[in-house]
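Each chain is listed here by its residues.
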Amino acid sequence: MVLSAADRAAVRALWKKLGSNVGIYATEALERTFASFPTTKTYFPHFDLSPGSAQVKAHGKKVADALTTAVGHLDDLPGALSALSDLHAHELRVDPVNFKFLGHCLLVTLARHYPGDFGPAMHASLDKFLSHVISALASSYG
Amino acid sequence: MVHFSPEEKAAITSLWGKVNVEEAGGEALGRLLVVYPWTQRFFDNFGNLSSASAILGNPKVKAHGKKVLTSFGEAIKNMDNLKGTFAKLSELHCDKLHVDPENFRLLGNVLVIILASHFGKEFTPSVQAAWQKLMAGVATALAHKYH
């Protein structure tokens, strides 16, 4: 699975459209992840996870910034995300299975807010992009 | 055995009542074949699957999608006994169709995404959570008879 030119163009175009709302959607994706996949909450015992939590919102912004960085470096995701990979592998020690849960909930969030833009081709491009991000994030493990 | 609270059951049945099973089924199966192209391995005799538009317009894909989603309807009527409901289908998918159960999880997630795009605001995190639980239950039930 390679990110084709069409995939890259689609992801970039959508990101442009999301503009400054990426943080809002990343926060919603986190909320959805905690609700649908409660085991993910084990990584946040120090967080208030109730609806509207400022901590979750702040974390959503961090995730959003990382994704925006990824979109800006589609030609070298492993390089762009290597520090984050080290962080997740060696300090946070998050099992990589959880990246897939968040990735799925990001897709759900985008489909919910942009149904008109979320046709099958866009869905496929985004899914591939997130798979690559997840791969890059998991690259420092083991 | 999966247990669904009254709230979870309500979240599922209220949305299901508004789903066009024929359309949603075709869309779900179509998107599965587009987003995860290796799943096309099960549909060699379906004709033209050469592009996203070919897949989504393919009458065999639509018909089969409807069949699959109609079966989901049975799950929703029997949320307290998913394993029993899907026992025969589980045997079929293992012994005759040779489908890796991972595909059930993939289809479940695609269906959740479609519900999100159709229902928008109504598809809140807690509604999604109820549906994810159902999808996981169905996938497990369908895999239960594998050997």
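Residues numbered from 1 in each chain as written. Chains lettered and ligands numbered in written order. Predicted model: local features only at pLDDT ≥ 70, side-chain atom pairs only at ≥ 80, totals over all residues. Heavy atoms only, no water.

- Chain B appears in an unreviewed UniProt entry as Globin domain-containing protein from Ailuropoda melanoleuca.
- Under the Sequence similarities (unreviewed entry) heading, UniProt states for chain B: "Belongs to the globin family." (UniProt positions renumbered as here; feature names shortened; annotations may be inferred.)

- Under an unreviewed UniProt entry, the name given to chain A is Hemoglobin subunit theta 1, and the source organism is Ailuropoda melanoleuca.
- Taken directly from UniProt, the Function (unreviewed entry) text for chain A runs: "Involved in oxygen transport from the lung to the various peripheral tissues."
- Quoted verbatim from the Sequence similarities (unreviewed entry) heading of the UniProt record, the comment on chain A is "Belongs to the globin family."

1. Considerations on the overall build of chain B
Thinking step 1. The secondary structure content of chain B amounts to 8 helices and 0 strands.
Thinking step 2. Overall, chain B shows an N-to-C arrangement of helices and strands of α-α-α-α-α-α-α-α.
Thinking step 3. Radius of gyration (C-alpha) of chain B: 15 Å, near the 15 Å computed for a compact globule of 147 residues.
Thinking step 4. Expressed along its principal axes, the backbone C-alpha trace of chain B runs to roughly 45 × 40 × 20 Å.
Thinking step 5. For chain B, the proportion of its 147 residues judged to be buried stands at 51%.
Thinking step 6. Residue pairs at least 24 apart in sequence account for 73% of intrachain contacts in chain B once pairs closer than 6 positions are excluded.
Thinking step 7. In the structure as shown, chain B presents an accessible area of about 7,200 Å², 57% of it carried by carbon and sulfur atoms. (Helix = DSSP H or I, 4+ residues; strand = E, 2+ residues; numbered from the N terminus. Rg over C-alpha atoms; globule rule 2.2 N^0.38 Å. Buried < 20%, exposed > 50% of the residue type's maximum accessible area, 1.4 Å probe, protein only. Contact = heavy atoms within 4.5 Å. Areas by Shrake-Rupley, 256 points an atom, 1.4 Å probe, with all protein chains shown as cover.)

2. With respect to the UniProt feature "domain: Globin" (unreviewed entry) in chain B
Thinking step 1. UniProt records the feature "domain: Globin" (unreviewed entry) at residues 3-147 of chain B, using the numbering of this structure.
Thinking step 2. Strand forms 0% of residues 3-147 of chain B and helix 70%; the C-alpha atoms that close the span are 25 Å apart.

3. Some thoughts on empty space enclosed by the protein
Space left empty within the atom packing is revealed by a probe, the size of a water molecule, rolled over the atoms.
Residues and elements named next belong to chain B.
Thinking step 1. One pass over the structure, following the stated rule, counts 1 cavity of 30 Å³ or more.
Thinking step 2. Among the elements of the structure, helix H2 (21-35), helix H4 (59-77) and helix H7 (102-119) are those that each provide at least two residues to the lining of the largest cavity.
Thinking step 3. When residues in the lining of the largest cavity are grouped by element, the largest group, 4 residues, is from H4.
Thinking step 4. Among the residues making up the lining of the largest cavity, the classes are represented as 7 nonpolar, 2 polar and no charged. (1 Å grid on protein atoms, 1.4 Å probe; cavity = no way out; pocket = protein on both sides within 12 Å on 5 of 7 lines; lining within 4 Å. Points joined across faces, edges and corners; volume = space filled by probe spheres on them. Nonpolar A, V, L, I, M, F, W, Y, C, P; charged D, E, K, R; others polar.)

4. Structural notes on the nonpolar core
Thinking step 1. Ranked by internal contacts, the top residues of the largest apolar core, which has 88 residues, are A:Phe129, B:Phe123, B:Trp131 and B:Leu134.
Thinking step 2. Element by element, the count of residues in this core is highest for H7(B), at 11 residues.
Thinking step 3. Setting aside residues no more than four positions away along its own chain, A:Phe129 makes contact with A:Leu3, A:Val11, A:Leu67, A:Ala70, A:Val71 and A:Leu74. (Core = buried A, V, L, I, M, F, W, Y, C linked by side-chain atoms within 4.5 Å.)

5. A word on the environment of B:Lys77
All names here are of chain B.
Thinking step 1. Residue placement: Lys 77 occurs in helix H4.
Thinking step 2. Spatially, the C-alpha atom of Lys 77 lies 9.8 Å from that of Lys 9, the residues being 68 residues apart in sequence.
Thinking step 3. Within the structure, the side chain of Lys 77 is placed 3.1 Å from the side chain of Glu 74, a separation counted as a polar contact. (Polar contact = N/O pair within 3.5 Å; in protein donor to acceptor, adjacent residues only side chain to side chain.)

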